[in-house]
Amino acid sequence: MDITFKQVDYTYQANSPFEHKALKDLTFHLPGGSFTAIVGHTGSGKSTLLQHLNGLVRPTSGSVQIGEHTLEPKKKPKQAKELRKQVGIVFQYPEHQLFEETVEKDIAFGPRNFGVAENEISRRVKESAEAVGLDLSLLSRSPFELSGGQMRRVAIAGVLAVRPRVLVLDEPTAGLDPRGQREIMDMFYRLHKEQQLTTILVTHSMEDALTYADHMLVLDKGEKYMEGTPVDVFQDRQALQQVQLDVPEIFQFLQKTSERFGKQLAYEGENFDRLAEQLADLAGDKK
Amino acid sequence: MNNLLIVGQYVPTNSIVHRMDPRIKMLIIFFYVIFIFFANNVVSYALFTVFAVGGTLLTKVPWRFIAKGLTPVWFLIVFTFILHLFVTKEGTVLVNVFGLPIYSGALEQGAVISLRFFLLILLTSLLTLTTTPIEITDGVESLLGPLRRFKFPVHELALMMSISLRFIPTLLQETEKISNAQASRGVDFRTGPFRERVRAVIPLLVPLFVSAFKRAEELAMAMEARGYRGGEGRTKLRELQVMKRDVAALIIFIIVVAAALITRDYS
Amino acid sequence: MHAIEFKNVSFRYEEEQPYVLRNVSFQVEAGEWLAIIGHNGSGKSTIAKLMNGLLFPTEGEIIINGIPLNEENIWEIRRQVGMVFQNPDNQFVGTTVRDDVAFGLENRGVPRAEMMDRITSSLEQVRMQDYLLHEPYRLSGGQKQRVAIAGVLAISPSVIILDEATAMLDPLGRKEILDTVHRVQAAQQLGLITITHDLNEVMQAHRVLVMNDGEIWTTTVPRELVKRQTELQQIGLDVPFVTQLAHALVRQGINLAEQPIDHEELLDALWTLHSNK
């Protein structure tokens, strides 16, 4: 599903002394099946943007187009529920949304709300539990008995069980250990590839943006600050630093190497062996 | 953003009323509420009115704000007035409305009761407009201090109040987060039959409770790690002090009350 | 005398339950920075809670600055061992920054006159002096954690424990906290224990203790630790960028004299190779 923002403004508590503009004149287009990373310092408007994606809020002015659904200022979307069925959001610390007695019921909660048939639901529960790497023996357990990492997987399975066409991820790996982080991100990437899911990842990790995204949007104070492929965006370290962001470590290292050896080293993919080859050549250079 | 609603009541204009000792403010309001019932003629009512309106002016809080805060009460005030118009049957008949006689005494009494009601609400709302919740807590702790002798857990009560105040914005934020998450999973909090909507609250309440308990547990641990072991042997950073302005306010209040008591009708 | 000493400490929550920690022994010296790492559930946080008596060992002994940890000494030990927890929101007790820093002082009956000085100076150390009357919801996660550190500093402890105190922060907040503790620790010769997943944090520490399934996997210095890349990955831990690159260079037939721990060291080594050609 294509996603288009057209000159979107969003203002909290308009016309009060506490008025606050969270989004300003935001315009961008994300083609269906793309993987976009949205980055920005805390308070840059990321979470407000995210709430537009399934109609939790509507723009104060401008318009948002998600597939066939349009969000406009004073018009209540006719099929808000249909939109939410198609756009799944994994919120930050999604395990906080668990509430059912069993893991199975919790995963089934979304599909049931969206009117999926009972026999279909049990199939989807199994399928999404497997997708997130959750042992099926856990289905009958209470989600509150599980470890933090497992709870996170249950919550994610609950979103996947609705079978969204767009998957929005708000810092999905926060608080996990390095292995857990990688497993979860690899899983999302696999789903993105297998099902051509349009994926939007809100993250602080420039490494993740580089590894997984094909498109990148940098926000600052509610405005679009930069947009492009991650590799393009990471060419301008200074611009990113001005908004308290930075480039991935590999770009930092390449920059330092170039300065030290007086020779421009290009980024050639995130591969240590390739980088080592480049460095070996460089070190081996006759003066 | 909804954090702002919480402090919404408190308007930080840093006026002389803001800087007053919360205990004095609470004492004045307490006795005002009692003594206003002694007013029974124009002069005594005028005195109490001048005191409340004068106090309001001193707070420098815009009237617009105060009026807005009183919105839900206006209805009650007007309702009380109208009720009195039709129920009280004293004095002479002034006019007939739809065949119902309105007596002069009714007009008078309705006005008086509505005025009293209005003044009470105005003055009490001044407390919350000019005093932060934590100052109110300090004031309550200090005023209840003597009860400690009777084993009343004054310190615990105050600590409970201040921690609740501290966590209200956090929990509100949490509520919004969870309700967004559940709405995204297809819960409809706003439409549908009543029974459905009540059911929709469960996915909101359970996670909220779980999280509140977890927070409480972690907070208790953090407090213990920071050496908290009850009220005994504790010192306090916040100390309330009665200043000249508090004494002045108290004196003015006593004069107003005395004058009102002298001028009221005793016949 | 060690700042902290664990002697064969084992711990389980209840009898019949499996041990969370088994036979853990280590020391931390005054002025030393020890990083403790391990995957989630490896027992790291249990160690932290044992260090200031939030839990008591099932077996073994813990000695803090020569004082054995037991029910009697617990308040003295909590004065010496300050602790900052993971969630910035769940340890902020006061309604303002000033009140929160005061909390620990009030608990210990510090006279009011002295309190204000201590509050100001500890807030200055974490560079939060301009936020004295701010309510917690107006602060970022990193700022709240700095206030938590100030609260600990105000009672002048000899050891500070950061129990995943940076885990919930964004990169900027994380940097703020690390810079802060680094500065404070160096200035006051405090013992510092950071429990973390953050590799950069580990590389800055003097020593590293690696936990795995309730046991000490190894205690070493960061430079030695990262040599064991494959093994570390097997127990669910990562190694830093520089280490991975250094290993790739070895695969290219380039041998570096010493395991580099940051960009500069690696570049220096490459430069040396380059110049010697």
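Remember, predicted model here, so these are calculated numbers, not experimental data.

Q: What am I meant to see in the overall build of chain B here?
A: Summing up its helical and strand segments, chain B has 11 helices and 2 strands in all. In summary, chain B has a C-alpha radius of gyration of 24 Å against a globular reference of 18 Å for 267 residues, an excess of more than 25%. Taken over 267 residues, chain B has a buried fraction of 40%. A separation of at least 24 residues holds for 70% of the contacts in chain B among residues at least 6 apart in sequence. Looking at chain B as shown, the accessible area adds up to about 15100 Å², and 71% of this sits on carbon and sulfur atoms. One way to put it: in chain B the 28 positive side-chain charges average out to a point 3 Å from where the 18 negative ones average out.

Q: Looking at this model, I keep getting lost on the overall build of chain A. Mind explaining?
A: From N to C terminus, chain A includes 11 helices and 10 strands. Along the first, second and third principal axes, the C-alpha atoms of chain A reach 75 × 55 × 30 Å. Across the 287 residues of chain A, 54% fall into the buried class. Residue pairs in contact within chain A that sit at least 24 positions apart in sequence constitute 61% of those at least 6 positions apart. Accessible surface, chain A: about 12500 Å² in total, of which carbon and sulfur atoms supply 45%. Positive and negative charge centroids in chain A, built from 35 and 41 side chains respectively, lie 4 Å apart.

Q: Whenever I open this one, the sheet that holds strand E4 (residues 59-64) of chain C confuses me. Can you help?
A: Strand pairing in a sheet is mediated by backbone hydrogen bonds. Such pairs are either parallel or antiparallel. All names here are of chain C. Strand order across the open sheet formed by 4 strands is E2-E1-E4-E5, with antiparallel pairing between neighbours. The two strands at the open ends of the sheet, each matched to only one other strand, are strand E2 (21-28) and strand E5 (67-68). Two elements, E4 and E5, share 2 bridges in a ladder whose sense is antiparallel. Residue pairing in the sheet places isoleucine 64 in a bridge with isoleucine 67 of E5. The strands touched by helix H1 (residues 44-51) within the sheet are strand E1 (4-11), E2 and E4, with E1 carrying the most contacts at an inclination of about 120°.

Q: I would appreciate a short explanation of the interface of chain A and chain B in the present structure.
A: Reports often express the size of an interface as the amount of accessible area lost when the parts come together. Each partner contributes to the interface: chain A provides 22 residues, whereas chain B provides 18 residues. Here chain A and chain B share an interface that buries about 1900 Å² over both sides, 63% of which is from carbon and sulfur atoms. Taken together, the connections running from chain A to chain B amount to 1 salt bridge. The partner of A:Asp106 in a salt bridge is B:Arg185, with the nearest N and O atoms 3.0 Å apart. Summed over the shared surface of chain A and chain B, the result is 5 residue pairs in polar contact (both at pLDDT 80 or more). Put simply, the parts of the chain that give the side of chain A that touches chain B at least two residues each are helix H2 (80-86) and helix H3 (103-113) of chain A. If one sorts the elements of the side of chain A that touches chain B by residue count, H3(A) sits on top with 4 residues. Of the residues contributing to the side of chain A that touches chain B, the split by class is 10 nonpolar, 9 polar and 3 charged.

Q: Sorry if this is basic, but what is going on with helix H8 (residues 154-184) of chain B here?
A: Every α-helix winds through 3.6 residues per turn, so residues three or four apart in the chain are directed the same way. Residue and element names in this part refer to chain B. Over its 31 residues, H8 runs 44 Å from end to end, which matches the ideal 45 Å to within 8%, given 1.5 Å per residue. Its axis deflected by about 40° at phenylalanine 167, H8 carries its strongest bend there, up to four residues before the proline proline 169. Remark: glycine 186 follows H8 within two positions and exhibits a positive phi of approximately 95°.

Q: What is the right way to read the domain arrangement of chain A from this model?
A: Residue and element names in this part refer to chain A. Under the domain assignment, chain A is made up of domain 1 (3-247) and domain 2 (248-287). Domain 1 and domain 2 are separated by 35 Å when their C-alpha centres are compared. Taken residue by residue, the interface counts 10 residues in domain 1 and 8 residues in domain 2. Taken together, both faces of the contact between domain 1 and domain 2 bury some 800 Å²; the carbon and sulfur share is 60%. If you sort the residues of domain 1 by the area they bury against domain 2, Leu210, Arg237 and Val247 come out on top, with a joint share of 55%. Joining domain 1 to domain 2, the criterion identifies 0 salt bridges. Our enumeration of links across domain 1 and domain 2 arrives at 3 residue pairs in polar contact (both at pLDDT 80 or more). Looking at the side of domain 1 that touches domain 2 residue by residue, the classes come out as 5 nonpolar, 2 polar and 3 charged.

Q: Whenever I open this one, the domain arrangement of chain B confuses me. Can you help?
A: In terms of domains, chain B is made up of domain 1 (10-131 + 242-263) and domain 2 (145-225). Between the C-alpha centres of domain 1 of chain B and domain 2 of chain B the distance comes to 35 Å.

Q: I keep staring at the packing of helix H10 (residues 241-251) of chain C against helix H11 (residues 263-276) of chain C and nothing clicks. Help me out?
A: Relative placement of two packed helices is described by the angle separating their axes and the distance separating the axes. Residues and elements named next belong to chain C. Following both chains from N to C, one finds H10 and H11 inclined at 25°, their axes separated by 9 Å at the closest point. In terms of axis orientation, H10 runs roughly parallel to H11. As for the relative orientation of H10 and H11, their crossing is left-handed in sense. Where H10 approaches H11, its residues Phe241, Val242, Leu245 and Leu249 are matched on the opposing element by His263, Leu266 and Leu270.

Q: Explain the sheet that holds strand E6 (residues 81-84) of chain C to me, please; I cannot follow it from the model alone.
A: All names here are of chain C. In space, the 6 strands of this open sheet follow the order E6-E7-E8-E3-E9-E10, with mixed pairing throughout. Of all the strands in the sheet, just E6 and strand E10 (215-220) have a single pairing partner and so form its edges. Across the sheet, the mean angle separating the axes of adjacent strands is 15° when strand polarity is ignored. Sheet topology places strand E3 (residues 33-37) next to strand E8 (residues 191-195); 4 bridges connect them, and they run parallel. Within E8, the position partnered with alanine 35 by the bridge is threonine 194. Packing of helix H6 (residues 171-188) onto the sheet brings it into contact with E3, strand E7 (159-163) and E8, and relative to E3 it is tilted by some 145°.

Q: Any chance you could explain the layout of surface pockets here in plain terms?
A: To find leftover empty space, one rolls a probe the size of a water molecule over the atoms. By volume, the second largest pocket amounts to about 600 Å³. Around the second largest pocket, the lining is made up of 28 residues, and of these B:Glu141, B:His155, B:Leu159, B:Arg234 and B:Lys236 lie nearest the centre. Sorting the residues of the lining of the second largest pocket by element identifies helix H7 (133-144) and H8 of chain B together with helix H3 (97-107) of chain C as the ones contributing at least two each. A per-element tally of the lining of the second largest pocket places H8(B) first, with 6 residues. Among the residues forming the lining of the second largest pocket, the class breakdown is 8 nonpolar, 9 polar and 11 charged.

Q: Would you take a moment to explain the packing of H3(C) against helix H4 (residues 112-125) of chain C for this structure?
A: Residue and element names in this part refer to chain C. Remark: H3 packs on H4, axes separated minimally by 10 Å, with the N-to-C direction vectors making an angle of 120°. In terms of orientation, H3 lies oblique with respect to H4. Our pair here, H3 against H4, has a crossing hand that is right-handed. Mapping the contact onto sequence places Val97, Arg98, Val101, Ala102, Leu105 and Glu106 in H3 and Met115, Met116, Arg118, Ile119, Ser122 and Leu123 in H4. For the contact of H3 with H4, the per-class residue count stands at 8 nonpolar, 1 polar and 3 charged.

Q: Could you clarify how one ought to interpret the interface of chain B and chain C in this entry?
A: Across the boundary between the two partners, chain B contributes 29 residues, which contact 36 residues of chain C. In total, about 3000 Å² of surface goes out of reach between chain B and chain C, with carbon and sulfur atoms giving 54% of it. The largest contributions to the chain B side of the interface with chain C come from B:Arg166, B:Arg226 and B:Leu237, which together make up 29% of the buried area. Summed over the shared surface of chain B and chain C, the result is 6 salt bridges. We note a salt bridge from B:Glu239 to C:Arg112, for which the minimum N-O separation is 3.8 Å. Summed over the shared surface of chain B and chain C, the number is 16 residue pairs in polar contact (both at pLDDT 80 or more).

Q: Before we go on, may I ask you to explain the UniProt feature "transmembrane region" (unreviewed entry) in chain B in this structure?
A: Residues and elements named next belong to chain B. The UniProt record annotates "transmembrane region" (unreviewed entry) at residues 29-53, 73-103 and 247-264. Secondary structure content for residues 29-53 is 76% helix and 0% strand, while the C-alpha to C-alpha distance between its ends is 13 Å. The straight-line gap between the two end C-alpha atoms of residues 247-264 is 26 Å; of that span, 94% is helix and 0% is strand.

Conventions adopted
- Residues numbered from 1 in each chain as written.
- Chains lettered and ligands numbered in written order.
- Predicted model: local features only at pLDDT ≥ 70, side-chain atom pairs only at ≥ 80, totals over all residues.
- Heavy atoms only, no water.
- Helix = DSSP H or I, 4+ residues; strand = E, 2+ residues; numbered from the N terminus.
- Rg over C-alpha atoms; globule rule 2.2 N^0.38 Å.
- Buried < 20%, exposed > 50% of the residue type's maximum accessible area, 1.4 Å probe, protein only.
- Contact = heavy atoms within 4.5 Å.
- Areas by Shrake-Rupley, 256 points an atom, 1.4 Å probe, with all protein chains shown as cover.
- Lys, Arg positive; Asp, Glu negative; His and termini not counted.
- Charge placed at Lys NZ, Arg CZ, Asp CG, Glu CD.
- Pairing = 2+ DSSP bridges.
- Axes fitted to C-alpha atoms, helices over the stretch in contact; angles between N-to-C directions.
- Buried area = accessible area lost by both parts, 1.4 Å probe.
- Salt bridge = Lys/Arg side-chain N within 4 Å of Asp/Glu carboxyl O.
- Polar contact = N/O pair within 3.5 Å; in protein donor to acceptor, adjacent residues only side chain to side chain.
- Nonpolar A, V, L, I, M, F, W, Y, C, P; charged D, E, K, R; others polar.
- Expected span 1.5 Å × (residues − 1).
- Bend = angle between axes of the 7 residues up to and from the residue.
- Domains from an automatic or database assignment.
- Parallel < 35°, antiparallel > 145°, perpendicular 65-115°, else oblique.
- Left-handed = near helix turned anticlockwise from the far one by under 90°.
- 1 Å grid on protein atoms, 1.4 Å probe; cavity = no way out; pocket = protein on both sides within 12 Å on 5 of 7 lines; lining within 4 Å.
- Points joined across faces, edges and corners; volume = space filled by probe spheres on them.
- UniProt positions renumbered as here; feature names shortened; annotations may be inferred.

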